[in-house]
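# Overview (structure and organization)
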Amino acid sequence: DGFLYLSNGDEGAANDSYNQSQKINSGLFSGVLRIDVDQIPTRSHPIRRQPASDQPPPAGWTNVTYSAHYSIPNDNPWVNTNGSWLEEFYAIGLRSPHRMTYDPPTGRIWLGDVGQGTREEVDIIEKGGNYQWAYREGSVNGPKAKPNPIFGVDKPPVYDYGRTAGDTCVIGGYVYRGLEHADTLYGKYIFGDNTSGRIWSMAYDGTNPPVVVELLDTGWPNNYQGLSGFGVDNNNELYLCKMGRPSAIYKLART
């Protein structure tokens, strides 16, 4: 649609300590933002509200503006002419997104959201969706009560998993659209986990429960020595990024 989408977490610490996960009038946290970097007036309008800050502006900063050089799409879900909300939000209720990708054939936006202490989840991002953090963590209750009313529409994860097998940090990937593995993986969502180093495929038709199959165990260490992201080339073949020492980019290949 010509707009820029970006994801952001809940400002850090644990259990939504800064109370940002269900707000759209404070900071640009805990959601997916959608902005018009081309500032085309027929489809978007100027920023009406600035994010709040609990810190004074830098010395000599006379124009107290924390966002600029883009405009707000006119069809964003929480457009408000009186400036009471931050209109950048496209979806809310995310804890720690890693990572968000777009699948052109279906128009789906996929996102892996790292959990707090119990569940890891995979979401499909939709306009006006509320992905339930911090009143839900995946398919279980979260650390806080559900607001009444909530912003947007409740959107449970498409898939979530627990931590009994050493999986504690989901890394979202891509829907595979290449040719090298078209017979087995075409149209399936490929994702992994930083802690366990495992990679899975997910078959999902939008109606039935997803079917998840483990593809491989990278054997990489966790945290800053492990899986950090995926990528695709101009032929839509899939790559995996390992950070740390040694860092490397790997291509998904057959044995």
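Above this text you will find the structure in question.
In this report, we go over the structure that sits alongside the text. The numbering scheme is per chain: residues are counted from 1 as the chain's sequence reads. It should be noted that, the model being predicted, local features are given only for residues of pLDDT at least 70 and side-chain atom pairs only at 80 or more, the latter also being counted only at that level, while totals for whole chains, interfaces and linings use all residues. Note that water and hydrogens are dropped before the side-chain values are worked out from all heavy atoms of the structure.

## A word on the sheet that holds strand E14 (residues 170–175)
Put simply, the rule is: If DSSP finds at least two bridges between two strands, the strands pair. By definition, any uninterrupted DSSP run of H or I lasting at least four residues is a helix, any uninterrupted run of E lasting at least two residues is a strand, and each is numbered from the N terminus. Axis definition: a line fit to C-alpha positions, over the contact stretch in the case of helices; interaxial angles, taken between N-to-C directions, run 0 to 180 degrees.
Spatial strand order, E14-E15-E16-E17: 4 strands in an open sheet with antiparallel pairing. Each end of this open sheet is capped by a strand with a single partner; those strands are E14 and strand E17 (211–217). Each strand axis lies, on average, 25° off the axis of its neighbour in the sheet, ignoring direction. In the sheet, strand E15 (residues 189–193) pairs with strand E16 (residues 198–203) via 4 bridges, with the strands oriented antiparallel. Across the sheet, residue Ile 190 finds its bridge partner in E16, namely Ser 201.

## Structural notes on the sheet that holds strand E19 (residues 238–242)
If you walk across this open sheet you meet the 3 strands as E18-E19-E20, and the pairing is antiparallel. In this open sheet, the two edge strands, each paired with only one partner strand, are strand E18 (227–232) and strand E20 (248–251). Geometrically, the sheet is characterised by an average inter-axis angle of 25° between neighbouring strands, direction not taken into account. Note that E18 and E19 share 5 bridges and pair antiparallel. Across the sheet, the residue bridging to Gly 231 is Tyr 239, located in E19.

## Section: the side chain of Asp 160
Heads up, the rule is: Pairing of N or O atoms within 3.5 Å defines a polar contact, subject to two protein rules: one partner must be a possible hydrogen donor and the other a possible acceptor, and residues neighboring in sequence count only if both atoms are side-chain atoms. Contacts between residues were defined by any pair of non-hydrogen atoms, one from each residue, lying within 4.5 Å.
Tracing the backbone through its elements, the reader meets Asp 160 in strand E13 (residues 159–161). A distance of 2.8 Å separates polar atoms of two side chains, one belonging to Asp 160 and the other to Arg 119. One polar contact links Asp 160 to Ser 139, side chain to side chain, over a distance of 2.7 Å. In this structure, Asp 160 is in contact with Arg 119, Glu 120, Glu 121, Gly 138 and Ser 139, ignoring residues within four places of it in sequence.

## A few points about the packing of aromatic side chains
To keep things clear, this is the line we draw: Pairing of aromatic side chains here covers Phe, Tyr and the six-membered ring of Trp, requires ring centres within 6.5 Å, and sorts the geometry by plane angle: under 30 degrees stacked, over 60 edge-to-face, intermediate tilted. For every residue, the accessible area (1.4 Å probe, protein chains only) is compared with the maximum for its type, and the residue is labelled buried under 20%, exposed over 50%, or partly exposed between those bounds.
For the structure on display, the rule yields 11 aromatic pairs. A ring pair is formed by Trp 85 and Phe 151, whose centres lie 5.5 Å apart and whose planes are at 90°; its orientation type is edge-to-face. One end of the pair, Trp 85, is in the loop between strand E4 (72–73) and strand E5 (89–92); the other, Phe 151, is in the loop between strand E11 (140–141) and strand E12 (153–154), and 66 residues separate them in sequence. When its relative accessible area of 27% is taken as the criterion, Trp 85 is described as partly exposed. With relative accessibility at 25%, the residue Phe 151 sits in the partly exposed group. When the centroid spacing of 5.6 Å and the interplanar angle of 15° are considered together, the rings of Tyr 189 and Phe 191 count as stacked. For Phe 191, a relative accessible area of 0% gives the class buried.

## Quick word on the environment of Val 114
Relative to the assigned elements, Val 114 resides in the loop between strand E7 (108–113) and strand E8 (120–125). For the pair formed by Val 114 and Gly 138, sequence separation is 24 residues and the distance between their alpha carbons is 9.5 Å. Dropping the residues within four chain positions of it, Val 114 is found in contact with Arg 95, Ser 96, His 98, Glu 120, Thr 168, Cys 169 and Val 170.

## Focus on the state of the cysteines
Formally: Working definition: a disulfide is two cysteine sulfur atoms within 2.5 Å of each other.
Within the structure shown, the criterion is met by 0 disulfides. You can see Cys 169 has no disulfide; the closest cysteine sulfur is in Cys 241, sitting 13 Å from it. Under the relative-accessibility criterion, Cys 169 is labelled buried at 18%. Since its relative accessible area comes to 30%, Cys 241 is described here as partly exposed.

## Focus: the side chain of Asn 80
Relative to the assigned elements, Asn 80 resides in the loop between E4 and E5. With sequence-adjacent residues up to four places away left out, Asn 80 is seen in contact with Arg 48, Trp 85 and Glu 87.

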